[in-house]
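Residues per chain are reported as follows:
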Amino acid sequence: LSAREILERVAAELPMEPLLRKRPSDTALRFRYLDDGVEVGAIASITEPFCGDCTRARLSSEGELFTCLFAACGTDLKTMLRNGSSDDDIEQLIRGRWTLRDDRYSEERWQRLEAGLVAAATKVEMFRIGG
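Keep in mind it's a predicted model, so treat the numbers as computed, not measured.

1. Re the sheet that holds strand β3 (residues 39-43)
Across the sheet, which stays open at both edges, the three strands sit in the order β1-β2-β3 with antiparallel pairing between neighbours. For this open sheet the edge positions go to β1 (16-19) and β3, each flanked by a neighbour on one side alone. Averaged over all pairs of adjacent strands, the angle between their axes in this sheet comes to 30°, without regard to strand direction. Looking at chain direction, strand β2 (residues 28-33) and β3 are connected through five bridges and run antiparallel. Paired with A28 across the strands is I43, a residue of β3. The sheet strands contacting helix α1 (residues 3-13) are β1, β2 and β3, and the helix crosses β2 at an angle near 5°.

Here it is, written out as structure tokens:
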């Protein structure tokens, strides 16, 4: 089921209204229950991908920068850090990698699912990068 289908089923039992995102980079679809005003959210990275607005990066315990939670590989920062690279050099590497990133795992996975194709893609396991 897509996140929308799940939320529709919940709303059929517990009516709720959609809320706007507080920032364009927010990942959760937000809702408020009509009876008590409690807010709930759903992160639907596959059926409602937000790759184009993503502002998140992760640094693994092995010193690799990942520009996507579902990336297959990261960029080595540990070597620069251990070799005494300047803050400016490290910043330049991070900015350059972020600028050139082409991660679209969630969008591509949903396109494969809609086309009836196998959704599997090579990716790092989330526990390795703090997901």
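2. Quick look at the packing of aromatic side chains
Counting across every chain of the model gives zero aromatic pairs. In this arrangement the basic side chain of R101 is found over the ring face of W98, its NZ or CZ atom lying 4.0 Å from the centre.

3. Let's talk about the environment of C54
With respect to the secondary-structure elements, C54 resides in the loop between β3 and β4 (58-59). Once the C-alpha coordinates of C54 and R104 are considered, the two residues, 50 residues apart in sequence, prove to be 9.8 Å apart. Setting aside chain neighbours within four positions, we find C54 in contact with W98 and R101.

4. A word on the sheet that holds β4
Across the sheet, three strands lie side by side as β4-β5-β6; this open sheet has antiparallel pairing. The outermost strands of the open sheet, each flanked by one partner alone, are β4 and β6 (75-76). One ladder, built from two bridges, connects strand β5 (residues 64-66) with β6; its direction is antiparallel. Opposite E64, over in β6, you have D76 as the bridge partner.

5. A word on the nonpolar core
By size, the foremost hydrophobic cluster in this structure holds eight residues: A3, L7, M16, L29, F31, Y33, A42 and A44. Counting residues per element, the ones that place at least two in this core are α1 and β2. Examining the composition of this core, we find that three residues originate from one element, β2, more than from any other. Ignoring anything within four residues of it in the chain, the contact list for L7 reads M16, L29, F31 and A42.

6. Some points on the pattern of salt bridges
A side chain with one charge can pair with a side chain of the opposite charge if their charged atoms come near. Throughout the structure, instances matching the rule amount to six salt bridges. With a closest N to O distance of 3.1 Å, E48 and R4 form a salt bridge. Of the two residues, E48 is situated in the loop between β3 and β4 and R4 in helix α1; the sequence distance between them amounts to 44 residues. Residue E48 is classed as partly exposed on the basis of its relative accessible area, which comes to 25%. When its relative accessible area of 37% is taken as the criterion, R4 is described as partly exposed. One salt bridge connects R32 with E39, and the closest N-O pair in it is separated by 3.9 Å. By relative accessible area, R32 is classed as partly exposed at 28%. When its relative accessible area of 42% is taken as the criterion, E39 is described as partly exposed. Residues joined by salt bridges that share partners form a network here, namely E17, R30, R32 and E39.

Rules behind the numbers
Residues numbered from 1 in each chain as written. Predicted model: local features only at pLDDT ≥ 70, side-chain atom pairs only at ≥ 80, totals over all residues. Heavy atoms only, no water. Pairing = 2+ DSSP bridges. Helix = DSSP H or I, 4+ residues; strand = E, 2+ residues; numbered from the N terminus. Axes fitted to C-alpha atoms, helices over the stretch in contact; angles between N-to-C directions. Contact = heavy atoms within 4.5 Å. Phe/Tyr/Trp six-rings, centres within 6.5 Å; stacked < 30°, edge-to-face > 60°. Lys NZ or Arg CZ within 6 Å of the ring centre and 35° of its normal. Core = buried A, V, L, I, M, F, W, Y, C linked by side-chain atoms within 4.5 Å. Buried < 20%, exposed > 50% of the residue type's maximum accessible area, 1.4 Å probe, protein only. Salt bridge = Lys/Arg side-chain N within 4 Å of Asp/Glu carboxyl O.

Shape descriptors only; they carry no functional weight alone.
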